[in-house]
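In case you want the letters, here they are:
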Amino acid sequence: MEYSLSTLKTNTIQAATGSKVSIPGHVMQVQSMTVTTSATSAAGTTFTDTGLTVDITPTSTSSKIYITAHVSMGATNGYRYALRLVRASSNISVATSAGSRTVATVAHEGTGGNKIDQTFPIFFLDSPATTSATTYKIQAACEQGGGTWYLNRGGTATDNSTVYAATSSISVMEIAQ
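Definitions and cut-offs
- Positions within a chain are numbered from 1, following the residues in the order the chain's sequence is written.
- Whole-chain, interface and lining totals are the exception, using all residues; otherwise, since this is a predicted model, local features are given only for residues with pLDDT of at least 70 and side-chain atom pairs are given and counted only at 80 or more.
- Values shown for side chains rest on all heavy atoms present in the structure; no hydrogens or waters enter the calculation.
- We count a stretch as a helix when DSSP gives it H or I for four or more residues in a row; a strand needs E for two or more, and each element gets its number in order from the N terminus.
- For a compact globule the rule gives 2.2 Å times the number of residues to the power 0.38, and the radius of gyration it is set against comes from C-alpha atoms.
- In what follows, a contact means two residues having at least one pair of non-hydrogen atoms within 4.5 Å.
- In these tables, accessible area is a Shrake-Rupley quantity obtained with a 1.4 Å probe, and a residue counts as shielded only by the protein chains included in the view.
- Neither His nor the chain ends is counted toward charge; the positive residues are Lys and Arg and the negative residues Asp and Glu.
- By convention, charge coordinates are those of NZ in Lys, CZ in Arg, CG in Asp, or CD in Glu.
- One number per residue, pLDDT, summarises how confident the predictor is, and it ranges from 0 to 100.
- For the purposes of these results, a polar contact is taken to be a pair of N or O atoms within 3.5 Å, where, inside protein, one atom must be able to donate a hydrogen and its partner to accept one; residues adjacent in sequence count only when each atom of the pair is a side-chain atom.
- Pairing of aromatic side chains here covers Phe, Tyr and the six-membered ring of Trp, requires ring centres within 6.5 Å, and sorts the geometry by plane angle: under 30 degrees stacked, over 60 edge-to-face, intermediate tilted.
- Three exposure classes are used, based on accessible area relative to the maximum for each residue type with a 1.4 Å probe and protein chains only: buried under 20%, partly exposed in between, and exposed over 50%.
- Take the buried residues of types Ala, Val, Leu, Ile, Met, Phe, Trp, Tyr and Cys, join any two whose side-chain atoms come within 4.5 Å, and each joined set is a nonpolar core.
- A patch consists of residues whose relative accessible area exceeds 30% and which take part in no salt bridge; residues with like charges are grouped when within 9 Å of each other, and nonpolar side chains (Val, Leu, Ile, Met, Phe, Trp, Tyr) when within 5 Å.
- Should a side-chain nitrogen of Lys or Arg be within 4 Å of a carboxyl oxygen of Asp or Glu, the pair is scored as a salt bridge.
- In this analysis, the protein atoms alone were mapped onto a 1 Å grid. Cavities are point sets where a 1.4 Å probe fits without being able to get out; pockets are open sets with protein on both sides within 12 Å along at least five of seven lines; lining residues have an atom within 4 Å of a point.
- Grid points are joined across faces, edges and corners, and a volume is the space filled by probe spheres set on the points.

### What to know about the overall build of the protein chain
Summing up its helical and strand segments, the protein chain has zero helices and eleven strands in all. The C-alpha radius of gyration computed for the protein chain amounts to 21 Å, which surpasses the reference 16 Å derived for 177 residues by more than 25%, pointing to a less compact arrangement than a globule. Projected onto its principal axes, the C-alpha coordinates of the protein chain cover approximately 75 × 45 × 35 Å. For the protein chain, the share of sequence-separated contacts (at least 6 apart) that also reach a separation of at least 24 residues comes to 81%. Counting only carbon and sulfur atoms, one obtains 50% of the accessible surface of the protein chain, whose full area is about 10200 Å². One finds the centroid of the 10 positive side-chain charges in the protein chain at a distance of 3 Å from the centroid of its 9 negative side-chain charges.

### Some thoughts on the confidence of the model for the protein chain
Detailed reading of the predicted coordinates is not advisable wherever pLDDT is low. Put simply, the protein chain has an average pLDDT of 88, and 94% of its residues get 70 or more. Mean pLDDT in the protein chain bottoms out at strand 7 (residues 106-109), which sits at 85, and peaks at strand 11 (residues 168-175), which reaches 98.

### Regarding the side chain of Ser168
Following the sequence through the fold, Ser168 ends up in strand 11. A polar side-chain atom of Ser168 sits 2.6 Å from a polar atom in the side chain of Asn152. If sequence neighbours within four positions are ignored, Ser168 has contacts with Met33, Thr34, Val35, Leu52, His70, Val71, Ser72, Leu151 and Asn152.

### Remarks on the packing of aromatic side chains
What the rule picks out here adds up to one aromatic pair. Aromatic side chains Tyr81 and Phe120 sit 6.1 Å apart centroid to centroid with 85 degrees between the ring planes, which places their arrangement in the edge-to-face category. Taken as a pair, Tyr81 in strand 5 (residues 80-87) and Phe120 in strand 8 (residues 118-126) lie far apart in primary sequence, 39 residues in all. Here Tyr81 and Phe120 have matching classes, each one buried.

### Structural notes on the nonpolar core
By size, the foremost hydrophobic cluster in this structure holds 25 residues, and its most contacted members are Val71, Met73, Leu83, Tyr136, Ile138 and Ile170. Elements supplying a minimum of two residues to this core: strand 3 (48-56), strand 4 (64-75), strand 5, strand 8, strand 9 (134-142), strand 10 (149-151) and strand 11. Contacts of Leu83, omitting those with residues within four sequence positions, involve Phe47, Val71, Met73, Ala104, Thr105, Val106, Phe120, Ile122, Ile138, Gln139 and Ala140.

### Digging into a nonpolar patch on the surface
Taken together, Ile13, Val21 and Ile23 make up a surface patch of nonpolar side chains, about 290 Å² in accessible area. Inspection of the secondary structure puts Ile23 in the segment before strand 1 (27-35).

### Let's talk about the environment of Ser90
Locating Ser90 in the fold gives a position in strand 6 (residues 90-92). Assessed through its relative accessible area of 36%, Ser90 is described here as partly exposed. Once the C-alpha coordinates of Ser90 and Tyr136 are considered, the two residues, 46 residues apart in sequence, prove to be 9.5 Å apart.

### Points about the layout of surface pockets
One way to see where empty space is left: roll a probe the size of a water molecule over the atoms. Estimates place the volume of the largest pocket at around 260 Å³. Along the walls of the largest pocket sit Thr45, Phe47, Arg80, Tyr81, Ala82, Thr102, Ala104, Ala107, His108, Ala141, Cys142 and Glu143, which together make up its complete lining. Of all the secondary-structure elements, those providing two or more residues to the lining of the largest pocket are strand 5, strand 7 and strand 9. The leading source of residues in the lining of the largest pocket is strand 5, at three residues.

Right, dumping it as structure tokens:
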């Protein structure tokens, strides 16, 4: 039995009118945002928006959305703090509830002072099953009423060359199925 190979050469592939070329497993679109300034909240155990928010409008209900983020955080000395990944107003990628423990995507024990305690990497593959605009965001909370979380800086943020400021970002990618 003999096989022959052919070569297909083209400069463009054009979708039919009103549609897009969709190859399973490939990225259809990317949306991203970066926060370069600091943010803070003393709302205690109430999860509040960090400012890391991005919108995407999937082209198909079967698409997956791959979320990546890196979040640089600090907190009041010795206070625990946590982050949640949220789609619209629903928590996604959080722990299963266990007793009275608060569920989160990631958490850390704050060391306070000038230190950026942690840069959290967050990765999650979501199935929103919609073609409507969808908002993804990162929320944060700090334990008790006396705790404060800080985005992109440590708790005291002294102004000198040995204290660092950082950035945080969130990106979403539509993956064709």
